[in-house]
Amino acid sequence: MIEYYNLMNEHSETELFKEIIHFMDISFPEWKTNRGLGTSATEFIFHCIDFLSACTLDKRGDELNKESLITLYLSVAEDYERFKIEYQFIFSTVVLEKFTAKFEEELEHEHLTDYRYNDLYNNFLNHEQQKVTYDFKTIKKNI
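Just so it is clear, the structure is predicted and the values come from calculations on it, not from any experiment.

**Describing the overall build of the protein chain**
Here comes step 1: What the protein chain contains, in helices and strands, is 6 helices and 2 strands.
Here comes step 2: Ordered by position from N to C terminus, the α and β elements of the protein chain give α-α-α-β-β-α-α-α.
Here comes step 3: Computed over the C-alpha atoms, the radius of gyration of the protein chain is 19 Å, more than 25% above the 15 Å expected from 2.2 N^0.38 for a compact globule of 143 residues.
Here comes step 4: The 143 residues of the protein chain split such that 37% are buried.
Here comes step 5: Partitioning the contacts of the protein chain with sequence separation of at least 6, the portion at a separation of at least 24 is 77%.
Here comes step 6: Accessible area for the protein chain stands at about 9,500 Å²; split by element, carbon and sulfur atoms hold 53% of it.

Below, the structure is given as structure tokens:
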């Protein structure tokens, strides 16, 4: 959680941060949920900012030019796929542990059918996947 607050305090007002968030919200609407990046979303944004800050991104006035935006969007999309695969592996392990703990009594029942097990697990998984872990809205500072 500390990483999230550091990210928001250090970068939430930057153009690069806003472009990354805007692109992710439009291109991958599920990215902030456990179906996307879940708890690794902050790490992902930090990674994108670090990498793209090292790249040469040209601006026209105060805004990034078209070529720079294309570079930014392609880089973010490529990194998203990699981060998502890594997160989904971790998430599947964690969700199975949570499921087993929550439904311990039902799972030990001798008459538990495969259908009932799958129904319990799929409902639990759907609920967990829809959870939003972070909100990356720009913080408005009082002056």
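We are not done yet, so read on.
**Details of the nonpolar core**
Here comes step 1: Of all hydrophobic cores here, the largest spans 27 residues; its most connected members are Ile 20, Met 24, Trp 31, Phe 44, Ile 45, Val 76 and Phe 136.
Here comes step 2: Only α1 (2-11), α2 (15-27), α3 (41-54) and α4 (66-102) provide two or more residues apiece to this core.
Here comes step 3: Considering every element that reaches this core, the biggest residue donor is α3, with 7 residues.
Here comes step 4: Those residues in contact with Ile 20 that sit more than four places away from it in its chain are Ile 45, Cys 48, Ile 49, Leu 52, Leu 72 and Val 76.
Here comes step 5: Formed by 9 residues, the second largest nonpolar core is a distinct cluster that contains Phe 91, Val 95, Phe 99 and Leu 120.

**Observations regarding the pattern of salt bridges**
Here comes step 1: Applying the stated rule across the entire model yields 8 salt bridges.
Here comes step 2: Asp 25 serves as the salt-bridge partner of Lys 32, at 3.5 Å between the closest nitrogen and oxygen.
Here comes step 3: The exposure class assigned to Lys 32 is buried, which follows from its relative accessible area of 16%.
Here comes step 4: One network of salt bridges, in which partners are shared, links Asp 79, Arg 82 and Glu 86.

**Looking at helix α6 (residues 114-129)**
Here comes step 1: Under the 1.5 Å per step criterion, the end-to-end length of α6 is 22 Å for 16 residues, consistent within 8% with the ideal 22 Å.
Here comes step 2: For α6, every residue scored as buried is listed here: Leu 120, Tyr 121, Phe 124, Leu 125, Glu 128 and Gln 129. When α6 is viewed along its axis, its buried side chains cluster within an angular range of 155° and face the same direction.
Here comes step 3: On its buried face, α6 is in contact with α4 and α5 (104-108).

**Quick look at the confidence of the model for the protein chain**
Here comes step 1: Taken as a whole, the protein chain shows an average pLDDT of 89; of its residues, 90% reach a score of 70 or greater.
Here comes step 2: Mean pLDDT in the protein chain bottoms out at strand β1 (residues 59-60), which sits at 63, and peaks at α6, which reaches 95.
Here comes step 3: Predicted confidence for residues 139-143 stays below pLDDT 50, and this span has 5 contacts to residues more than four positions away or in other chains.

**Topic: the packing of α1 against α3**
Each packed pair of helices is defined by two parameters, the angle between the axes and the distance between the axes.
Here comes step 1: At a minimum axis distance of 9 Å, the contact between α1 and α3 shows a crossing angle of 35°. Helix-helix and strand crossings are classified by hand; for α1 and α3 the assignment is left-handed. Contact residues: Glu 3, Tyr 4, Asn 6, Leu 7, Glu 10 and His 11 in α1; Thr 42, Glu 43, Ile 45, Phe 46 and Ile 49 in α3.
Here comes step 2: Residues of the contact of α1 with α3, tallied by class, amount to 5 nonpolar, 3 polar and 3 charged.

Here is what the cut-offs are and how they apply
Residues numbered from 1 in each chain as written. Predicted model: local features only at pLDDT ≥ 70, side-chain atom pairs only at ≥ 80, totals over all residues. Heavy atoms only, no water. Helix = DSSP H or I, 4+ residues; strand = E, 2+ residues; numbered from the N terminus. Rg over C-alpha atoms; globule rule 2.2 N^0.38 Å. Buried < 20%, exposed > 50% of the residue type's maximum accessible area, 1.4 Å probe, protein only. Contact = heavy atoms within 4.5 Å. Areas by Shrake-Rupley, 256 points an atom, 1.4 Å probe, with all protein chains shown as cover. Core = buried A, V, L, I, M, F, W, Y, C linked by side-chain atoms within 4.5 Å. Salt bridge = Lys/Arg side-chain N within 4 Å of Asp/Glu carboxyl O. Expected span 1.5 Å × (residues − 1). Arc of directions from axis to C-beta. pLDDT = per-residue confidence, 0-100. Axes fitted to C-alpha atoms, helices over the stretch in contact; angles between N-to-C directions. Left-handed = near helix turned anticlockwise from the far one by under 90°. Nonpolar A, V, L, I, M, F, W, Y, C, P; charged D, E, K, R; others polar.

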